[in-house]
Amino acid sequence: MIELINVTKEYDNGTLALENVNLQIENGEFVFLVGSSGAGKTTITKLLMREENVTSGEIFLNGEDITKITEKEIPYLRRKMGVVFQDFRLLNDRTVYENVEFAMRVVGASKREIRRRVPVVLNMVGLNYKAKMLPSELSGGEQQRVALARALVNNPSILIADEPTGNLNPKTAMEIMEIFENINQMGTTVIMATHAKDIVDIMHKRVIEVCDGHIVRDEIGGEYHDESIEN
Amino acid sequence: MNLSKIRYSISQAKKNVIRNGLMSIASLFTISCCLFILGLFTVITFNVNSFTTQIKDQCEIQLFINLGTDENRVSEIADEILTYPNIKEVVFHSREELYEYAMNDVFDGKEELIGNYTEEDNPFSDSYKITLQDISLTSQTVSQLEKIADVSHIENKQDVTNIVISASNAVKNLSAVVMLILFMISIVIISNTVRLTVFNRRKEINIMKYIGATDRFIRIPFVIEGIMIGFLGAILSFALISWGYIVIYAKFAESSFDVFELIPYINIAPLLCVIFIVFGCLIGIIGSSISMRKYLKV
């Protein structure tokens with residue numbers, strides 16, 4: 001379970017990104033973080049990955065306060081999570097297989113484990129037949145699938161996605177969302193910051209709306225309906 | 001760190017060196033030049049140390065006994081000398097030996113310079129060559145020995161020795177300063193090369209951080225890259241210095257200059273090799289570690 005207790009985050013430049021935020025996410029949930037740009041969605045994902053630390057408050061991940069962990073412990077925290085970005089962040093000089101393999105190498109997996117696991121994950125995202133291709137030879141949707149495969153390959157318990165469909169056309173975006181849905185059904189917690197109204201509305205998952213650093217709505221099976229956000 | 005990670009780090013380091021081909025070669029030659037000068041000063045320091053030791057080993061004074069002192073008294077003087085501190089060795093030189101040495105070795109062929117002296121009319125007196133334990137206490141020891149009865153005078157070369165030792169110390173200090181400066185220059189050079197690699201691969205480093213790579217895992221390929229360049233630079237400069245030293249040593253041996261001897265190459269080579277490799281690798285480690293800091297903060 002993820003639990004944020006009275007979390008406040010103020011950046012060095014004085015921007016108050018989050019103020020006294022309280023939030024609970026159960027294991028295996030699918031959560032959309034919605035809100036206008038600068039509302040605080042990305043700050044929540046950054047705090048979860050300990051890319052930033054809280055100014056005050058506590059964040060518990062399965063009972064451990066991750067605001068208190070040392071710099072050296074951060075990589076081990078991140079190994080429990082997979083992360084997907086809007087801009088894919090793939091290594092363009094490496095093949096699809098090597099991009100996914102890279103994530104396993106980083107955590108010290110053996111060659112045997114890599115040979116066994118990478119094809120499975122590529123199959124899961126429907127890219128096993130493109131394993132030898134370079135990212136530049138793939139469409140945007142396919143590149144995001146590679147990023148997803150890389151995020152999943154180490155079996156994370158939480159998948160954090162920041163605008164994963166932002167660069168994709170609606171059809172491709174829906175295909176990617178299907179993969180997220182499948183991953184979630186296998187028990188992985190999915191936390192997705194997004195502006196994609198269509199997707200949020202169709203998926204009918206838990207929607208947490210952030211506005212000016214506060215949670216203003218937390219709705220199970222919600223929609224992306226707030227007029228102020230849409231504008 | 002397991003074997004698979006080590007293999008990965010080494011392969012990545014090799015790729016980095018090749019990818020940055022020109023920059024790596026430029027760094028390699030610059031570092032070789034720095035290490036060459038560094039090695040030059042090391043060799044000079046070694047030889048200056050050796051020369052100083054030779055001088056110190058010749059820490060001798062000559063004590064002359066009044067002409068006409070009988071043999072028994074001459075022997076007693078030796079016993080008296082040995083009662084003083086700072087005396088390492090006492091060797092007797094009879095006046096006959098000195099005469100013979102002067103006639104055969106010093107004035108051979110130029111006997112007219114010694115005048116009308118004959119063996120019976122030997123102008124030399126008996127003397128003791130005394131080796132001291134500590135050269136810095138020469139003055140005190142000389143004043144003590146001068147008080148012994150029947151001692152005519154004492155000759156010592158302390159002034160010359162002091163000048164030589166001061167000069168050696170100056171050379172050693174200068175070498176240390178030059179070595180330190182060159183060491184720092186080499187670190188800056190290697191650090192810039194690695195910085196370029198790190199900059200080119202900042203995206204990869206960023207991804208690695210998000211995936212959960214430890215700082216050590218990210219840093220090691222770059223450190224190995226630095227070590228590779230430093231090590232190759234060390235080998236290159238060691239080869240150059242060795243070749244130069246062997247040539248100079250041979251020239252020195254052929255010449256009639258015999259004030260001091262150069263240390264034979266075989267005696268200097270192992271230590272020099274270790275110094276080069278340690279310095280080369282150290283420069284690589286420090287240089288690359290400096291470059292990494294900025295990009296590890298994600």
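Rules behind the numbers
- Residues numbered from 1 in each chain as written.
- Chains lettered and ligands numbered in written order.
- Predicted model: local features only at pLDDT ≥ 70, side-chain atom pairs only at ≥ 80, totals over all residues.
- Heavy atoms only, no water.
- Domains from an automatic or database assignment.
- Contact = heavy atoms within 4.5 Å.
- Buried area = accessible area lost by both parts, 1.4 Å probe.
- Salt bridge = Lys/Arg side-chain N within 4 Å of Asp/Glu carboxyl O.
- Patch = residues over 30% accessible without salt bridge, like charges linked within 9 Å, V, L, I, M, F, W, Y side chains within 5 Å.
- Areas by Shrake-Rupley, 256 points an atom, 1.4 Å probe, with all protein chains shown as cover.
- Helix = DSSP H or I, 4+ residues; strand = E, 2+ residues; numbered from the N terminus.
- Pairing = 2+ DSSP bridges.
- Axes fitted to C-alpha atoms, helices over the stretch in contact; angles between N-to-C directions.
- Polar contact = N/O pair within 3.5 Å; in protein donor to acceptor, adjacent residues only side chain to side chain.
- Nonpolar A, V, L, I, M, F, W, Y, C, P; charged D, E, K, R; others polar.

### Structural notes on the domain arrangement of chain A
It is common to give the size of an interface as the accessible area lost on bringing the parts into contact.
Residue and element names in this part refer to chain A.
Here comes step 1: Domain annotation for chain A reports domain 1 (2–80 + 156–230) and domain 2 (90–155).
Here comes step 2: Here the C-alpha centroids of domain 1 and domain 2 sit 24 Å apart.
Here comes step 3: Each partner contributes residues to the interface: domain 1 has 13 residues there, and domain 2 has 13 residues.
Here comes step 4: Of all residues in domain 1, Arg 79, Pro 156 and Ile 179 give up the largest surface area on contact with domain 2, accounting jointly for 44% of the area buried on that side.
Here comes step 5: Taken together, the connections running from domain 1 to domain 2 amount to one salt bridge.

### Describing a nonpolar patch on the surface
Here comes step 1: Taken together, the side chains of Val 274, Val 278, Leu 282, Ile 285, Ile 286 and Ile 290 of chain B present a nonpolar region at the surface, about 430 Å² in accessible area.
Here comes step 2: Assignment of secondary structure puts Leu 282 of chain B in helix 9 (residues 265–292).

### Some remarks on the domain arrangement of chain B
Here comes step 1: For chain B, the assigned domains read domain 1 (3–55 + 162–296) and domain 2 (60–133).
Here comes step 2: The straight-line distance from the C-alpha centre of domain 1 of chain B to that of domain 2 of chain B is 54 Å.

### What about the sheet that holds strand 3 (residues 30–34) of chain A?
Residue and element names in this part refer to chain A.
Here comes step 1: The mixed open sheet is built from six strands, whose spatial order is 6-7-8-3-9-10. With one partner strand each, in any of the chains shown, strand 6 (81–85) and strand 10 (214–219) form the two edges of the open sheet. Across the sheet, the mean angle separating the axes of adjacent strands is 15° when strand polarity is ignored.
Here comes step 2: Here strand 3 pairs with strand 8 (residues 189–193) via four bridges, running parallel. Across the sheet, Phe 32 pairs through a bridge with Met 192, a residue of strand 8.

### A few points about the interface of chain B and chain A
Here comes step 1: Contact residues are listed per partner, giving 20 residues for chain B and 23 residues for chain A.
Here comes step 2: Together, the buried faces of chain B and chain A total about 1,900 Å²; carbon and sulfur atoms form 56% of this surface.
Here comes step 3: The largest share of the area that chain B buries against chain A comes from Ile 207, Tyr 210 and Ile 211 of chain B, three residues that together contribute 35% of it.
Here comes step 4: At the junction of chain B and chain A, the tally comes to one salt bridge.
Here comes step 5: For Arg 94 of chain A, the salt bridge is made with Glu 204 of chain B, and the minimal N-O distance between the two is 2.7 Å.
Here comes step 6: The interface formed by chain B and chain A holds six residue pairs in polar contact (both at pLDDT 80 or more) in total.
Here comes step 7: Mapped by element, the contributors of at least two residues to the side of chain B that touches chain A are helix 1 (3–19) and helix 7 (202–211) of chain B.
Here comes step 8: With eight residues, the top contributor of residues to the side of chain B that touches chain A is helix 7 of chain B.
Here comes step 9: Looking at side-chain class alone, the side of chain B that touches chain A contains eight nonpolar, six polar and six charged residues.

### Notes on the environment of Arg 19 of chain B
Here comes step 1: Topologically, Arg 19 of chain B is positioned in helix 1.
Here comes step 2: Beyond its immediate chain neighbours, meaning those up to four positions away, Arg 19 of chain B contacts Asp 93 of chain A together with Arg 201 of chain B.

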